[in-house]
Number of protein chains: 2
Amino acid sequence: MRIVLLGFGSVGQGIARAIHTKDLGITITGCADSRSGVVDDAGIDIGAALERKQKTGYCGDTRITPMDVVATAEYDVLVEVTPTNVTTGEPASSHIRTAIERGKHVVTSNKGPIALAYRDLQAAARRNGVCLKYEATVCGAIPLINAMQEGLAGNTVTRLLGVLNGTCNYILTRMSEEGLTYEQALMEARELGYAEADPTYDVKGIDAAIKLVILANTVLHLDKTLDDVETTGIDLLTPDALRLADEQDCTIRLIGEIVPGDGVLRVSPRIIPKTHPLVVEGTLNAVTVETDMAGEITFIGRGAGSTETASAVISDLLSIRDRYVQGS
Amino acid sequence: MRIVLLGFGSVGQGIARAIHTKDLGITITGCADSRSGVVDDAGIDIGAALERKQKTGYCGDTRITPMDVVATAEYDVLVEVTPTNVTTGEPASSHIRTAIERGKHVVTSNKGPIALAYRDLQAAARRNGVCLKYEATVCGAIPLINAMQEGLAGNTVTRLLGVLNGTCNYILTRMSEEGLTYEQALMEARELGYAEADPTYDVKGIDAAIKLVILANTVLHLDKTLDDVETTGIDLLTPDALRLADEQDCTIRLIGEIVPGDGVLRVSPRIIPKTHPLVVEGTLNAVTVETDMAGEITFIGRGAGSTETASAVISDLLSIRDRYVQGS
């Protein structure tokens, strides 16, 4: 199976490294970062591209753009892992549309296109007889989309509850364990690389809300946008609130919730018993899916990280290989 | 898609009810319990069979045996949910072999054939171009087999740790929470229907060991039997041991472990921190899979129950429908 890889940051490099070191039957015929690209229909030299990127910051030739790679290379699957833009979805959306119109399957970790344009992209994929997969857009390494589409097939989901943002979970864990203030815990998270210089996107609950929109639209058959999510962040929480919860053997976590029956999507800090499976430590993610037959199923794992995201992308690739490209 | 259903106890009835009430595109053309059967190539009357079973104890005609149904009915998939025999695997193994030789797919919740004869059955399925699925044999409603075969595809599993027996977990939870003795907690579990009159199979760790053998042979590419599992039960645990663990913010759980690298399979009571995701309450099951790319992924859910087992069987059926039988 031949793929092209757009985005050669930490996730893209993680994917390239996994394909380079594991015997997965996958050949990379093109890759690009935002400023350079390389195409070789016989298979690029992955080791050389990784080394070039490390040394020069470019994975290929500066005359080759990402769109050149999508539009001209020979491949079965586009892997789109460029940085997320949740306002426009670009340039990822254009890359994905171009690949689909060329009759290529698509695997992406990019939340932008899936949160903003899932229905359109899925319709285009159907028209062109190709597959669009996006396991890596929600909860990193946790195979949640696969579980909801296949492992729990036949079930009706009555509610979904999730700890969807590792940064917030780290801050709340530290406030709870050590009695830190929000500001102290945030500073610690920054020092450890768990929070950005501008943490708004995480601590205001926006990142969690985007993941809810993706889950709602892709596996729960709703049609929602970010504006439909009632969103409250964790930035106003006090150590007192956590102490109060603690006195009742509870703690506070930022919980994303979907109730498919009444179409509600909500992100807010919630008091939950410490023994609840959703109470996970540090930067972990956790999701509980409530269903009519399987009861409550909880999934816990790392929600971010280059290798973890690569894991989700590669499982999507292997699924496409086994179903659609086996003969090629 | 047409199926026949062998086994019409609580699991079989759960499956029949789900097919009867949900619009899954599945027709049951035959079913049987151990003493009666019914075949109708146009689709049996599921409601009538359920009512007959409730009223008389027979789902069909006493002149029709399960083997008659497997060997003569028209169907795409055999659903084999007769009671488990872990010594011989019979009569389930014979039912499954007969169906496979007729070119029929098979879905089973029956641990016997999968623990004893997985390689042979899988080889026969391949020769006959059909699919053998067994999600329901391990951890009930938790879509663990699917996750390990698909959601985590491409990963190398370095270790698997699991709370695989709900009866033991209930007993240990109660000993820990209430300071009960093993005997007191077992009596309580019996009263609530969580433990059999003869609890040996559960409390000695045999049930958990069988699940390890299934996971080892089916998704971890090992070749193990029950004799290969180092098995210690929970029946000698004292409240003192649990109190001691509690003093270190730990508790004791019956943990099944597989280390694929050195081929070790082990079931034993282990001391683990209370904050570990495997520490679940009551009759829940939990499994942590340690992998090279995805890190540690934990799955928590109900490991038993007729609706929960039906959920796993139906997800297998829908997977076969979508991949193999869509046109029929």
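Residue numbers run consecutively from 1 along every chain, following the written order of its sequence. Whichever chain is written first becomes A and whichever ligand is written first becomes 1, with later ones labelled in order. It should be noted that, the model being predicted, local features are given only for residues of pLDDT at least 70 and side-chain atom pairs only at 80 or more, the latter also being counted only at that level, while totals for whole chains, interfaces and linings use all residues.

Digging into the pairing of strand β12 (residues 296–302) of chain B
Any residue with 12 or fewer other C-beta atoms within 10 Å of its own C-beta is exposed, any with 20 or more is buried, and the rest are partly exposed; the C-beta atoms used are placed from the backbone. A run of H or I in DSSP becomes a helix once it reaches four residues, and a run of E becomes a strand once it reaches two; helices and strands are each numbered from the N terminus. Judged by how many residues are buried, β12 of chain B sits mostly within the fold: six of seven residues are covered. Between any two strands, at least two bridges found by DSSP are needed for them to pair. Of the strand pairs in this sheet, strand β12 (residues 296–302) of chain A and β12 of chain B are connected by three bridges, and their pairing is antiparallel. Following the sheet pairing, F299 of chain A is matched in β12 of chain B by F299 of chain B. The pairing of strand β11 (residues 284–291) of chain B with β12 of chain B spans seven bridges and is classified as antiparallel. Bridge pairing links V287 of chain B to F299 of chain B in β12 of chain B. Linking β11 of chain B back to β12 of chain B in an antiparallel pair, the connection comprises four residues, with G295 of chain B at a positive phi of about 70°.

Focus on the sheet that holds strand β1 (residues 2–6) of chain A
All names here are of chain A. If you trace the six strands from one edge of the open sheet to the other, you get β3-β2-β1-β4-β5-β6, paired in mixed fashion. Because the sheet does not close on itself, it has two edges, and the strands there are β3 (37–39) and β6 (132–133). With five bridges joining them, β1 and strand β2 (residues 27–32) adopt parallel strand pairing. Bridging from a neighbouring strand, L6 pairs with A32 of β2.

Comments concerning the sheet that holds strand β6 (residues 132–133) of chain B
Residue and element names in this part refer to chain B. Taken in spatial order, the six strands of this open sheet run β3-β2-β1-β4-β5-β6, and their pairing is mixed. The outermost strands of the open sheet, each flanked by one partner alone, are β3 (37–39) and β6. By the bridge criterion, four bridges tie strand β4 (residues 77–80) to strand β5 (residues 105–108) in an arrangement that is parallel. Bridging from a neighbouring strand, V79 pairs with V107 of β5. Relative to β4, helix α4 (residues 92–101) is tilted by about 175°, and along the sheet it contacts β1 (2–6), β4 and β5. Remark: residues whose backbone-derived C-beta atoms lie within 7 Å of one another are considered to be in contact. Interaxial angle, 0 to 180 degrees, is taken between N-to-C directions of lines fitted to C-alpha atoms, where a helix line uses only the stretch in contact.

A closer look at the packing of helix α1 (residues 10–21) of chain A against helix α2 (residues 46–56) of chain A
Residues and elements named next belong to chain A. One way to put it is that α1 packs onto α2 with a least axis distance of 10 Å and a crossing angle of 150°. It follows from the interaxial angle that α1 and α2 lie roughly antiparallel. At the point where α1 passes α2, the crossing takes the left-handed sense. Contact residues: Q13, A16, R17, I19 and H20 in α1; I46, G47, A49, L50 and K53 in α2. Every angle not falling under 35 degrees, over 145, or within 65 to 115 is termed oblique; those three ranges are roughly parallel, roughly antiparallel and roughly perpendicular. The sense of a crossing depends on the near helix, which, turned anticlockwise from the far helix by less than a right angle, makes the crossing left-handed and, turned clockwise, makes it right-handed.

A word on the domain arrangement of chain A
How big an interface is tends to be stated in terms of the accessible area lost upon association of its parts. Residues and elements named next belong to chain A. For every domain, the bounds stem from an assignment made automatically or drawn from a database. The domain boundaries assigned to chain A delineate domain 1 (2–140 + 307–325) and domain 2 (145–303). Contacts between domain 1 and domain 2 engage 14 residues on the former and 15 residues on the latter. Put simply, the parts of the chain that give the side of domain 1 that touches domain 2 at least two residues each are α5 (111–127) and α12 (306–325). Looking at the side of domain 1 that touches domain 2, the element that brings in the most residues is α5, giving five residues. Each residue receives one of three labels: charged for Asp, Glu, Lys and Arg, nonpolar for Ala, Val, Leu, Ile, Met, Phe, Trp, Tyr, Cys and Pro, and polar for the others, Gly being one of them. Tallied by class, residues from the side of domain 1 that touches domain 2 come to seven nonpolar, three polar and four charged.

A look at the relation of the copies chain B and chain A
The fit set for superposing copies consists of C-alpha atoms from residues with pLDDT of at least 70 in both; the fit itself is least squares. Superposition record for chain B on chain A: RMSD 0.0 Å, screw rotation 180°, translation along axis 0.0 Å. What the superposition gives is, in effect, a two-fold axis relating one chain to the other. Proximity to the rotation axis, assessed at the C-alpha, singles out F299 of chain B in chain B; its C-alpha lies 2.4 Å from the axis. Taken as a fraction of all interface residues of chain B, those also at the interface in chain A reach 100%, which identifies the copy contact as same-surface.

As for the interface of chain B and chain A
Facing the 36 residues of chain B at the interface are 36 residues of chain A. Of all elements in the fold, only α6 (144–151), β12 and α12 (306–325) of chain B reach the threshold of two or more residues within the side of chain B that touches chain A. The element that contributes the greatest number of residues to the side of chain B that touches chain A is α12 of chain B, accounting for eight residues. Counted by class, the side of chain B that touches chain A contains 18 nonpolar, twelve polar and six charged residues.

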